[in-house]
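Fold and contact review
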Amino acid sequence: NAGVTQTPKFRVLKTGQSMTLLCAQDMNHEYMYWYRQDPGMGLRLIHYSVGEGTTAKGEVPDGYNVSRLKKQNFLLGLESAAPSQTSVYFCASSRQGNYGYTFGSGTRLTVV
Amino acid sequence: GNSVTQMEGPVTLSEEAFLTINCTYTATGYPSLFWYVQYPGEGLQLLLKATKADDKGSNKGFEATYRKETTSFHLEKGSVQVSDSAVYFCALSDKGSSASKIIFGSGTRLSIRP
């Protein structure tokens with residue numbers, strides 16, 4: 001039972017480069033989320049999705065794009081990376097209702 | 001808007017000590033409340049939850065009671081172990097929000113000395 005899987009686990013980018021973070025869940029959850037975690041700031045919601053083919057902005061969406069072409073996958077893209085996007089990124093999923101999230105193990109991204 | 005405030009860390013205790021991590025919330029409706037735990041190098045794991053006033057969530061010796069009158073959800077454990085060292089996040093989910101979005105506190109780092 002894999003739960004939520006994030007790839008890659010670590011990545012170093014140069015300013016201006018692009019990349020895509022992949023999140024995959026095998027629990028048939030409707031909802032998926034991307035958060036970033038920064039020291040002293042807890043987790044902040046970047047984008048989320050309520051179902052296949054849908055996406056919506058969260059608290060800090062600027063500089064990121066997302067897509068959910070398949071129910072089990074939620075992709076987070078950085079078109080032109082900036083040092084301010086250095087962070088740990090977490091994907092999560094949940095079923096409908098207030099049952100809480102299942103989190104992936106995170107991607108540590110450094111932009112130099 | 002909705003928010004969660006939890007005590008700042010780090011909190012350092014000796015093994016077998018009593019633990020309290022304070023959490024208060026602000027919400028317009030009647031949210032569900034959660035405690036998540038993050039061990040080093042890992043993602044967050046749901047520790048316990050409560051969905052209505054006076055509910056008590058419990059797991060692995062940890063407890064928290066949903067107090068509507070004080071808008072609080074304090075985390076307690078009677079006797080901590082070294083293995084409890086982690087970062088703890090209080091969180092809420094407004095039942096009226098779309099997609100059951102969760103708002104997290106800033107986290108409290110707990111270190112337990114042998």
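Reference entry: report on the structure contained in this document. (Residues numbered from 1 in each chain as written. Chains lettered and ligands numbered in written order. Predicted model: local features only at pLDDT ≥ 70, side-chain atom pairs only at ≥ 80, totals over all residues. Heavy atoms only, no water.)

1. Some remarks on the overall build of chain B
Stated formally: The helix and strand labels rest on DSSP assignments: H or I over at least four residues marks a helix, E over at least two residues marks a strand, and numbering proceeds from the N terminus. Only C-alpha atoms enter the radius of gyration; for comparison, a globular chain is expected to reach 2.2 Å times N to the power 0.38, where N is the number of residues. Only protein chains enter the accessibility calculation, which uses a 1.4 Å probe; a residue is then buried when its area is under 20% of its type maximum, exposed when over 50%, and partly exposed in between.
Helices and strands together make up the secondary structure of chain B, namely 0 helices and 12 strands. In chain B, the succession of helices and strands from N to C terminus is β-β-β-β-β-β-β-β-β-β-β-β. On C-alpha atoms alone, chain B measures out to a radius of gyration of 14 Å, which is about the 13 Å that the 2.2 N^0.38 rule sets for 114 residues. Every one of the 114 residues in chain B was classed for burial, and the buried ones make up 45%.

2. Comments concerning the state of the cysteines
Applicable threshold: Cysteine sulfurs are considered disulfide-paired once they come within 2.5 Å of each other.
Scanning the model with the defined rule gives 2 disulfides over all chains in all. Here A:C23 engages in a disulfide with A:C91; their sulfurs sit 1.9 Å apart. Across the S-S bond of A:C23 and A:C91 the torsion is about -75°, and the bridge reads as left-handed. Of this pair, A:C23 sits in strand β3 (residues 19-25) while A:C91 is found in strand β9 (residues 87-94), placing the two residues 68 residues apart along the sequence. Here B:C23 is linked by a disulfide to B:C90, with a sulfur-sulfur distance of 1.9 Å. Negative torsions about the S-S bond denote left-handed disulfides, and the value of about -70° found for B:C23 with B:C90 makes this one left-handed. Of the two residues, B:C23 is situated in strand β4 (residues 23-26) and B:C90 in strand β10 (residues 86-93); the sequence distance between them amounts to 67 residues. Exposure remark for B:C90: the relative accessible area of 1% places this residue in the buried category.

3. What to know about the layout of surface pockets
The line we're drawing: Buriedness of a pocket was judged along seven lines, with at least five required to meet protein on both sides within 12 Å; pockets are open sets of points on a 1 Å grid over the protein atoms alone, cavities are sets where a 1.4 Å probe fits but cannot get out, and lining residues have an atom within 4 Å of a point. Grid points are joined across faces, edges and corners, and a volume is the space filled by probe spheres set on the points. In this count, Pro and Cys sit with the nonpolar residues alongside Ala, Val, Leu, Ile, Met, Phe, Trp and Tyr, while Asp, Glu, Lys and Arg are called charged and the others, Gly among them, polar.
Roughly 660 Å³ of internal volume is contained in the largest pocket. Lining the largest pocket are 29 residues, with A:Q37, A:V88, A:R108, B:Q38 and B:R109 positioned closest to its centre. Counting residues per element, the ones that place at least two in the lining of the largest pocket are β9 and β11 (107-111) of chain A together with β10 and β12 (108-113) of chain B. When its residues are assigned to classes, the lining of the largest pocket shows 10 nonpolar, 14 polar and 5 charged. Of the voids in this model, the second largest pocket is the one considered here, and its volume is about 220 Å³. The set of elements that each furnish at least two residues to the lining of the second largest pocket consists of β5 (43-49) of chain A together with β11 (102-104) of chain B. Take the lining of the second largest pocket: its biggest share by element is 4 residues, from β5(A).

4. Here we look at the pairing of strand β4 (residues 31-37) of chain A
Residue and element names in this part refer to chain A. Operational definition: If DSSP finds at least two bridges between two strands, the strands pair.
Within β4, 7 of the 7 residues are buried, which leaves the element mostly enclosed by the surrounding structure. Judged by which residues are buried, β4 turns out to be covered on both faces: Y31, Y33, Y35 and Q37 on one side and M32, W34 and R36 on the other are all buried. With 7 bridges joining them, β4 and β9 adopt antiparallel strand pairing. Bridge assignment links W34 to a residue of β9, and that residue is C91. In this structure, β4 lies alongside β5, joined through 6 bridges in antiparallel fashion. By the bridge assignment, Q37 is partnered in β5 with L43. Between the end of β4 and the start of β5, which pair antiparallel, lie 5 residues, with G40 showing a positive phi angle near 75°.

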